[in-house]
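Residue strings, one per chain:
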Amino acid sequence: MRFNKVALSFLLATCIAGTSYAQSTEDHGKLNSNATLDELIDFALQNKIELIQADIDKEIGEREIASALSGWFPQINATGTLAHAIQIPTNVINGQVIQMGQKNTSSFGVRADQAILSPELFQASRAAKYVRQQNDQNIESTRISTVVDVSKAYYDILTSEESINIINENIARLQRQYTEANARYETGLVDKTDFKRALISLNNANAELKTAKEMRSYKYDYLKMLLGLNPKESMTLSFENQAMENNILLDTTEILSYANRVEYRQTETLKNLQKLNTQYQKWQILPQLGAYGMYNANFFNNEFSRLYATNFPSSSVGLSLSVPIFTGTKRIQEIRKSELQEERIAWDLRNLENQISTEYSAAMANYRSNMNEWRNAKGNMELSEDVYNTIKLQYDAGVKTYLELMTAETDLKTSQLNYLNALYAVLASKLDIQRALGTVDITE
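Residues numbered from 1 in each chain as written. Predicted model: local features only at pLDDT ≥ 70, side-chain atom pairs only at ≥ 80, totals over all residues. Heavy atoms only, no water.

With 22 residues, helix α6 (residues 262-283) extends 31 Å from end C-alpha to end C-alpha; this agrees with the ideal 32 Å at 1.5 Å per step. Against α4 (119-187) and α7 (330-396) lie the buried residues of α6. (Helix = DSSP H or I, 4+ residues; strand = E, 2+ residues; numbered from the N terminus. Expected span 1.5 Å × (residues − 1). Contact = heavy atoms within 4.5 Å.)

Here you go:
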């Protein structure tokens, strides 16, 4: 009954592995134009190279399990020999020299062995569950990293796009100011200092725009890498209904649970595998028991042409038993080594708990700090807009100088960019908290 179950498991594992591998090599289609964040994440979860490799690693694991469990199947081997004696061996029997054998000999044999009791196969059967767990957890870990990285990259690009819009608005303002300053200079109302300052600011803004666009291009390439896209492929994103302020809130009262972290569960799985290894080392004292059956076809003749004329068969069935009696202290040392490795993994779990707690504390501190920075930046941006609008009216009325207008315009642009950077920092730290809590949504 045990053999039948193992054989069925082996066949199912083989079929599942073949089906999964075929699915993993399928083309998952192209990324939609004007892709949203959800579409990017779904695409990345199907096409990111690291995830494809993780799926392949899982299939490799299935093959390794199937290979290890194949030991429960009968092991059938065939052998064959053909020999021609140049000198036939002789022996002396009752004072007479007698040739032992004939010039030509040949034999063909088939032997089947069936394991009945084997510590190695017991170990493989019990470890298969945890090996599959380990492979699934590796995929889960890669999926979590993918969701977090793609989300951050998307928000980073969105921030860059908004920054470029701000710079373009700034250039438009500076262009108007330059035109107005030049007109005033032409009419003799002011000297040429104002319009030259306006030209300098306009040139700096254009250079800043070029730099921002270059960085945006790199960020798109980085996102393509995360998605598993070729850098030469075109990609357009949709930022509609992506008011970043709507996504910054987070429940800061959620309790940290170590079991939610995939890294913690991976270490627990490793600990379980190590326990099995310790048990396996203890099982080494058990005997190995197997059944066998063999058949041999033997042929002898001095004439090669008549070698296979007559068969002298032999066959047998039986049991084979191997009992370890004394192996030095190897088994004892291996048991102790495995127990020490268990103890070390237990300390790894303790250390991981401390690391997770620290990571969560740091992520929460960053989130709260970034939220404070964002609120402050938002307030400064609103104040800067009021100040700029007021000084612009006063400048147009001839009350304020152009230098004051430039200062107000610089403050406005700086506050707008600071606001965007603070908003991105809040979104990134929110993702870090979700990763620390183990609550990142990795469902497609």
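As a further point, take helix α2 (residues 37-47). Residues that lie three or four places apart on an α-helix share one face, since the helix turns once every 3.6 residues. Here α2 has its buried residues at Leu 37, Leu 40, Ile 41, Phe 43, Ala 44, Leu 45 and Asn 47. Against the buried residues of α2 lie α3 (49-69), α4 and α5 (193-227). (Buried < 20%, exposed > 50% of the residue type's maximum accessible area, 1.4 Å probe, protein only.)

Further remarks concern the pattern of salt bridges. Side chains carrying opposite charge are able to pair once their charged atoms draw close together. One pass over the full model with this rule turns up 19 salt bridges. The shortest N-O distance in the salt bridge between Glu 334 and Lys 337 comes to 3.4 Å. Taken as a pair, Glu 334 and Lys 337 lie in helix α7 at a separation of 3 residues, close to a single helical turn. Linking Glu 404 and Lys 400 is a salt bridge whose minimum nitrogen-to-oxygen distance equals 3.8 Å. Given a relative accessible area of 28%, Lys 400 falls into the partly exposed group. When salt bridges that share partners are traced, they join Glu 180, Lys 392 and Asp 396 into one network. (Salt bridge = Lys/Arg side-chain N within 4 Å of Asp/Glu carboxyl O.)

The subject of this paragraph is the domain arrangement of the protein chain. One can read the domain layout of the protein chain as domain 1 (37-73 + 118-287 + 327-437) and domain 2 (74-115 + 290-322). With 6 residues of domain 1 in contact, the opposing surface of domain 2 contributes 7 residues. On the domain 1 side of the contact with domain 2, Trp 72, Phe 73 and Pro 287 bury the most area, a combined 78% of that side's loss. Where domain 1 meets domain 2, there are 0 salt bridges. Viewed at the interface, domain 2 and domain 1 are joined by 3 residue pairs in polar contact (both at pLDDT 80 or more). For the side of domain 1 that touches domain 2, the per-class residue count stands at 4 nonpolar, 2 polar and no charged. (Domains from an automatic or database assignment. Buried area = accessible area lost by both parts, 1.4 Å probe. Polar contact = N/O pair within 3.5 Å; in protein donor to acceptor, adjacent residues only side chain to side chain. Nonpolar A, V, L, I, M, F, W, Y, C, P; charged D, E, K, R; others polar.)

With that settled, consider the side chain of Arg 173. In this structure, Arg 173 sits in helix α4. For Arg 173, a relative accessible area of 11% puts it in the buried group. Apart from residues no more than four positions distant in its own chain, Arg 173 is found in contact with Tyr 388, Glu 409, Leu 412 and Gln 416.

Attention now moves to the packing of α4 against α7. Remark: α4 packs on α7, axes separated minimally by 13 Å, with the N-to-C direction vectors making an angle of 15°. Taken as axis vectors, α4 and α7 run roughly parallel relative to one another. In this structure, α4 crosses over α7, and the sense of that crossing is left-handed. Between α4 and α7, the residues in contact are Arg 173, Gln 177, Glu 180 and Arg 184 and Tyr 388, Lys 392, Tyr 395 and Asp 396, respectively. Split into classes, the residues belonging to the contact of α4 with α7 amount to 2 nonpolar, 1 polar and 5 charged. (Axes fitted to C-alpha atoms, helices over the stretch in contact; angles between N-to-C directions. Parallel < 35°, antiparallel > 145°, perpendicular 65-115°, else oblique. Left-handed = near helix turned anticlockwise from the far one by under 90°.)

Tallied over the entire structure, the rule returns 10 aromatic pairs. Residues Phe 108 and Phe 299 carry aromatic rings whose centres are separated by 6.3 Å and whose planes lie at 70° to one another, so their mutual orientation is edge-to-face. Of this pair, Phe 108 sits in strand β4 (residues 104-117) while Phe 299 sits in strand β5 (residues 288-301), and the two are 191 residues apart along the sequence. Through pairs of rings, three or more aromatic residues link up here, namely Trp 72, Phe 122 and Trp 283. If you follow Arg 111 out to its NZ or CZ, it ends over the ring of Tyr 292, 4.6 Å from the centre. Residue placement shows Arg 173 over the ring face of Tyr 388; its charged tip is 5.3 Å from the ring centre. (Phe/Tyr/Trp six-rings, centres within 6.5 Å; stacked < 30°, edge-to-face > 60°. Lys NZ or Arg CZ within 6 Å of the ring centre and 35° of its normal.)

A separate point is the packing of α2 against α3. The N-to-C vectors of α2 and α3 enclose an angle of 40°; their axes lie 6 Å apart at closest approach. For the element pair α2 / α3, the angle class is oblique. Only Ile 49, Leu 51 and Ile 52 of α3 make contact with α2, whose side of the interface consists of Ala 44, Leu 45, Gln 46 and Asn 47. The residue inventory of the contact of α2 with α3, partitioned by class, reads 5 nonpolar, 2 polar and no charged.

So, about the sheet that holds β4. An order of β1-β4-β5-β6 is seen for the 4 strands of this open sheet, with the pairing classed as antiparallel. Both outer strands of the open sheet, β1 (75-84) and β6 (314-322), are each paired with one neighbouring strand and no more. Ignoring which end each strand starts from, the neighbouring axes of this sheet average 20° apart. Taken together, the 9 bridges between β5 and β6 define a ladder with antiparallel strand orientation. Considered in β6, the bridge of Tyr 292 is made with Gly 318. Sheet strands touched by α4: β4 and β5. Its angle to β4, the strand with the most contacts, is close to 50°. (Pairing = 2+ DSSP bridges.)

Our focus in this paragraph is the nonpolar core. One finds Leu 40, Leu 223, Leu 227 and Leu 237 to be the most contacted residues of the largest nonpolar core, which totals 52 residues. Beyond its immediate sequence surroundings of up to four residues, Leu 40 is in contact with Leu 31, Ala 35, Val 150, Tyr 154, Leu 223, Leu 227 and Leu 237. One finds Ile 391, Tyr 402, Leu 405 and Leu 412 within the second-largest nonpolar core, a separate group that totals 9 residues. (Core = buried A, V, L, I, M, F, W, Y, C linked by side-chain atoms within 4.5 Å.)

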